[in-house]
Amino acid sequence: MDIFAHRGSSGTHPENTLIAFREAAQLAVYGVEFDVHLTKDDHLVVIHDERIDRTSNGTGFVKDMTLEELRSYDFGSWFSSEFKGEIIPTLEEVLDVFSTSSHHLNIELKSDIFPYIGMVEKVLSLVNTESLKSRIVISSFDHEAIRLVKMLAPQIETAALFMESLVNPLAYLQSIPADALHLFMPAAIRSGALDAMANGVNVRAFTVNEEMYADALKSCGVTAIFTDYPKKMLDYLSS
């Protein structure tokens, strides 16, 4: 069972920051997951929430700020004073951290609340520039965006995100179409997910921080887990 570092090494470092990604880049995990939004001046930035309030000393929506405005805020101190001065990274900067590694990179498009017109094309252009296509998974709760990715770049792996357990997810994935299923942890052990796995679909579960849940998912045949503590989970599953 593969391990993805969720938002970098986010259990030990401020999530979705370069220092969290550099920590994850040192680990022999399979991949790293992170989230992308679009700024007011059309820059791709890596942050989970639509607002910056939770993970910075600022307030407001990412979509309403320029990159320069976003860079004026501290994205590390909320986690610990040790990380004071961390700034919001661009997608290009995050990809650069892993440019010489073999990690697979799961880019989650956060367009399920705001549509972010042009985001898909910008992400695909950057991924093509970085020659990373074979290591990229693009996921989203916005399944229209996943459909567009598949239309524009059919060779790139896509994944549909869900919080709930599903009836016949295999048929739904085929209708998008999408390649993989990314599920909230409890849903990954329900019959629909098991049927998808039996039919060769990659099923990955989030967010798994406890060893006993990792054991249960591994025994069910889940392809990968997303965890805030990649080193801890790597040590456990390797032991």
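One can find the structure itself at the top, above this paragraph.
All of these numbers come straight from a predicted model, not from anything done at the bench.

Reading the values: rules and limits
- Residues numbered from 1 in each chain as written.
- Predicted model: local features only at pLDDT ≥ 70, side-chain atom pairs only at ≥ 80, totals over all residues.
- Heavy atoms only, no water.
- Axes fitted to C-alpha atoms, helices over the stretch in contact; angles between N-to-C directions.
- Helix = DSSP H or I, 4+ residues; strand = E, 2+ residues; numbered from the N terminus.
- Parallel < 35°, antiparallel > 145°, perpendicular 65-115°, else oblique.
- Left-handed = near helix turned anticlockwise from the far one by under 90°.
- Contact = heavy atoms within 4.5 Å.
- Nonpolar A, V, L, I, M, F, W, Y, C, P; charged D, E, K, R; others polar.
- Buried < 20%, exposed > 50% of the residue type's maximum accessible area, 1.4 Å probe, protein only.
- Arc of directions from axis to C-beta.
- Polar contact = N/O pair within 3.5 Å; in protein donor to acceptor, adjacent residues only side chain to side chain.
- Pairing = 2+ DSSP bridges.
- Right-handed = clockwise from strand over helix to strand, strands pointing away.
- Salt bridge = Lys/Arg side-chain N within 4 Å of Asp/Glu carboxyl O.
- Phe/Tyr/Trp six-rings, centres within 6.5 Å; stacked < 30°, edge-to-face > 60°.
- Core = buried A, V, L, I, M, F, W, Y, C linked by side-chain atoms within 4.5 Å.

Enquirer: Would you mind showing me how to read the packing of helix α8 (residues 211–220) against helix α9 (residues 230–238) here?
Expert: In helix packing, the relevant descriptors are the interaxial angle and the interaxial distance, both defined with respect to the helix axes. The N-to-C vectors of α8 and α9 enclose an angle of 55°; their axes lie 11 Å apart at closest approach. Judged by the inter-axis angle, α8 sits oblique to α9. Once α8 is placed against α9, the crossing between them reads as right-handed. Across the interface between the two elements, Glu211, Ala214, Asp215 and Lys218 of α8 pack against Lys232, Met233, Tyr236 and Leu237 of α9. Partitioned by chemical class, the residues of the contact of α8 with α9 number four nonpolar, no polar and four charged.

Enquirer: What am I meant to see in helix α5 (residues 143–152) here?
Expert: Count 3.6 residues to each turn of an α-helix, and residues three or four apart come out pointing the same way. Of all the residues in α5, the buried ones are His143, Ala145, Ile146, Val149 and Lys150. Burial along α5 is one-sided: seen end-on, the buried residues are contained in an arc of 150°. Opposite its buried face, α5 presents the exposed residues Glu144 and Met151, each directed more than 90 degrees away. Contacts from the buried residues of α5 go to β4 (104–109), α4 (119–129), β5 (136–140), β6 (157–162) and α6 (169–175). Measuring from the side-chain oxygen of the N-cap residue of α5 to the backbone nitrogen of glutamate 144 gives 3.2 Å; that N-cap residue is aspartate 142.

Enquirer: Sorry, what's going on with the pairing of strand β8 (residues 202–206) here?
Expert: For a regular strand, the rule is simple: side chains alternate between the two faces of the sheet. Burial within β8 is extensive, with four of its five residues counted as buried. Bridge count for strand β7 (residues 180–184) against β8 is five bridges, and the pairing is parallel. Opposite histidine 182, over in β8, you have arginine 204 as the bridge partner. For the crossover from β7 across helix α7 (residues 191–198) to β8, the handedness is right-handed. In this structure, β8 lies alongside strand β9 (residues 224–227), joined through two bridges in parallel fashion. By the bridge assignment for β9, arginine 204 is matched with alanine 224. Where the polypeptide runs from β8 across α8 and back to β9, its parallel neighbour, the crossover connection is right-handed.

Enquirer: Mind showing me how you'd approach the pattern of salt bridges here?
Expert: Think of it this way: side chains of opposite charge can pair up when their charged atoms draw near. Here the structure, examined in full by the defined rule, presents 11 salt bridges. Residue lysine 110 pairs with glutamate 108 through a salt bridge whose shortest N-O separation is 3.2 Å. As far as burial versus exposure is concerned, lysine 110 and glutamate 108 are alike and both buried. Here glutamate 157 and arginine 204 are joined by a salt bridge, their closest N and O atoms 3.1 Å apart. Residue glutamate 157 is found in strand β6, and its partner arginine 204 is found in strand β8; the two are separated by 47 residues along the sequence. Note on arginine 204: relative accessible area 3%, which makes it buried.

Enquirer: In this structure, what is going on with the packing of aromatic side chains? I would like to understand it.
Expert: Pairs of aromatic rings are described using the distance from one ring centre to the other and the angle between the two planes. Counted by the stated rule, this structure contains 10 aromatic pairs. Arranged with centres 5.5 Å apart and planes meeting at 75°, the rings of phenylalanine 21 and phenylalanine 34 form a pair that is edge-to-face. Of this pair, phenylalanine 21 sits in helix α1 (residues 18–25) while phenylalanine 34 sits in strand β2 (residues 31–38), and the two are 13 residues apart along the sequence. The exposure class assigned to phenylalanine 21 is buried, which follows from its relative accessible area of 0%.

Enquirer: Just to check I follow, could you spell out the nonpolar core for this structure?
Expert: Most often, soluble globular proteins have nonpolar side chains that are buried together. Core analysis: the largest hydrophobic core is formed by 62 residues, its most contacted members being Phe34, Leu91, Ile107, Leu109, Val123, Ile138 and Val203. With six residues, α4 is the largest single contributor of residues to this core. In contact with isoleucine 107, not counting residues within four places along its chain, are Phe34, Val36, Leu91, Val123, Val127, Ile136, Val137, Ile138 and Ser139. Within the second largest apolar cluster, nine residues are counted, among which are Val45, Val62, Met65 and Phe75.

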